[in-house]
Amino acid sequence: MDYGVISVRYARALLKSATELKVEEKVYVDMTMLAACYVEVADLRTTIENPMLQRSEKQRLLTTALGPDANELSKRFVALVLKEGREKVLQFMAHSYITFYREQKNIIRGKLTTAVAMSDDTEQKMKQMVESKTQGTVEFNTEIDPSIIGGFILEYDTYRMDASVKTRLNTILSELK
């Protein structure tokens, strides 16, 4: 069984349905939540794949993983996946949906690393800078890493801008050798 082909087909069908119903963003939030649950709850995958567990229990578990405000289409999608016996591929379907949604909406993932927490205003300015360069929307993952001493490291798409004090000090030290 080719999990990649199956997950892509289901994800495309879900995105098409969600777009027609104008709930693609809500389903995106649900699939993001589901994908995160697979990562954060180690036993979720093995529990869902357990053939001894009743479909209704799997449905209840996965509906909970979708989040408290899960869209009806997401719930129906999970029910369909379980009915067709494709639960082993559900995690890949969620990731495929996320990828297709981001492509459709021109959403770029970015990572901003700073030595200390930055203000919301500064983070927003960085986001706007990236959005103006990419002509898309940016989803930032911010991280605090005191080891960079100061400055920041900005990564998105294939671009990386390292304006950290640590890198600058290392550059100066290597030039002095």
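Parameters and conventions
Residues numbered from 1 in each chain as written. Predicted model: local features only at pLDDT ≥ 70, side-chain atom pairs only at ≥ 80, totals over all residues. Heavy atoms only, no water. Helix = DSSP H or I, 4+ residues; strand = E, 2+ residues; numbered from the N terminus. Rg over C-alpha atoms; globule rule 2.2 N^0.38 Å. Contact = heavy atoms within 4.5 Å. Axes fitted to C-alpha atoms, helices over the stretch in contact; angles between N-to-C directions. Parallel < 35°, antiparallel > 145°, perpendicular 65-115°, else oblique. Left-handed = near helix turned anticlockwise from the far one by under 90°. Core = buried A, V, L, I, M, F, W, Y, C linked by side-chain atoms within 4.5 Å. Buried < 20%, exposed > 50% of the residue type's maximum accessible area, 1.4 Å probe, protein only. Salt bridge = Lys/Arg side-chain N within 4 Å of Asp/Glu carboxyl O.

S.K.: Explanation requested: the overall build of the chain in the structure shown.
M.R.: Counting its secondary structure elements, the chain contains eight helices and four strands. Secondary structure elements of the chain occur, N-terminal to C-terminal, as α-α-α-α-α-α-β-α-β-β-β-α. Over its C-alpha trace the chain gives a radius of gyration of 20 Å, far above what one expects of a compact globule, namely 16 Å for 177 residues. With respect to the three principal axes, the spread of C-alpha positions in the chain is 65 × 35 × 30 Å. For the chain, the share of sequence-separated contacts (at least 6 apart) that also reach a separation of at least 24 residues comes to 68%.

S.K.: What is the right way to look at the packing of helix α2 (residues 24-40) against helix α6 (residues 90-105) in this model?
M.R.: When two helices pack together, their arrangement is given by the angle between their axes and by how far apart the axes lie. Where α2 meets α6, the axes come as close as 9 Å, and the angle between the chain directions of the two elements is 140°. With respect to each other, α2 and α6 are oriented oblique. When you trace α2 past α6, the crossing you get is left-handed. Listed contacts from α6 to Glu 24, Glu 25, Val 27, Tyr 28, Met 31, Thr 32, Leu 34, Ala 35 and Tyr 38 of α2 are Leu 90, Gln 91, Ala 94, His 95, Tyr 97, Ile 98, Tyr 101, Arg 102, Gln 104 and Lys 105.

S.K.: Please explain the nonpolar core as it appears in this structure.
M.R.: Most often, soluble globular proteins have nonpolar side chains that are buried together. Counting residues in hydrophobic clusters, the biggest one holds 34 residues, and the most contacted among them are Met 31, Leu 34 and Tyr 97. The set of elements that each furnish at least two residues to this core consists of α1 (3-20), α2, α3 (44-49), α4 (55-66), α5 (72-83) and α6. Beyond its immediate chain neighbours, meaning those up to four positions away, Met 31 contacts Leu 14, Leu 66, Ser 74, Phe 77, Ala 94, Tyr 97 and Ile 98. Residues Leu 112, Val 138, Phe 140 and Phe 152 belong to the second largest nonpolar core, which totals 10 residues.

S.K.: Is there a simple way to explain the environment of Ile 107 in this structure?
M.R.: Position of Ile 107 relative to the elements: it lies in strand β1 (residues 107-114). A C-alpha to C-alpha distance of 9.4 Å links Ile 107 and Gln 135, two positions 28 residues apart in sequence.

S.K.: What should I look at first to understand unusual backbone geometry in this one?
M.R.: A negative phi holds for most residues other than glycine; trans holds for most peptide bonds. Not every positive phi belongs to a glycine, and Lys 22 is a case in point at roughly 60°. For Lys 22, the location among the structural elements is in the loop between α1 and α2. Overall, the relative accessible area of 71% leaves Lys 22 in the exposed class. The backbone of Asp 157 shows a phi angle near 50°, a positive value even though the residue is not glycine.

S.K.: Where do I start with the side chain of Ser 164 in this structure?
M.R.: Mapped onto the secondary structure, Ser 164 falls in strand β4 (residues 159-164). Taking the relative accessible area as the measure of exposure, Ser 164 reaches 1% and is therefore buried. Dropping the residues within four chain positions of it, Ser 164 is found in contact with Ile 148, Gly 150, Gly 151, Phe 152 and Ile 153.

S.K.: In this structure, what is going on with the pattern of salt bridges? I would like to understand it.
M.R.: Two side chains carrying opposite charge are able to pair once their charged atoms lie near each other. Throughout the structure, instances matching the rule amount to 10 salt bridges. Linking Lys 58 and Glu 87 is a salt bridge whose minimum nitrogen-to-oxygen distance equals 2.9 Å. Placement of the pair is Lys 58 in helix α4 and Glu 87 in the loop between α5 and α6, with a sequence separation of 29 residues. Measuring nitrogen to oxygen at the nearest pair gives 3.6 Å for the salt bridge that ties Asp 121 to Lys 125. With Asp 121 and Lys 125 both in helix α7 (residues 120-134), this residue pair falls four residues apart, about one helical turn. The network of salt bridges with common partners includes Arg 102, Arg 109 and Glu 139.

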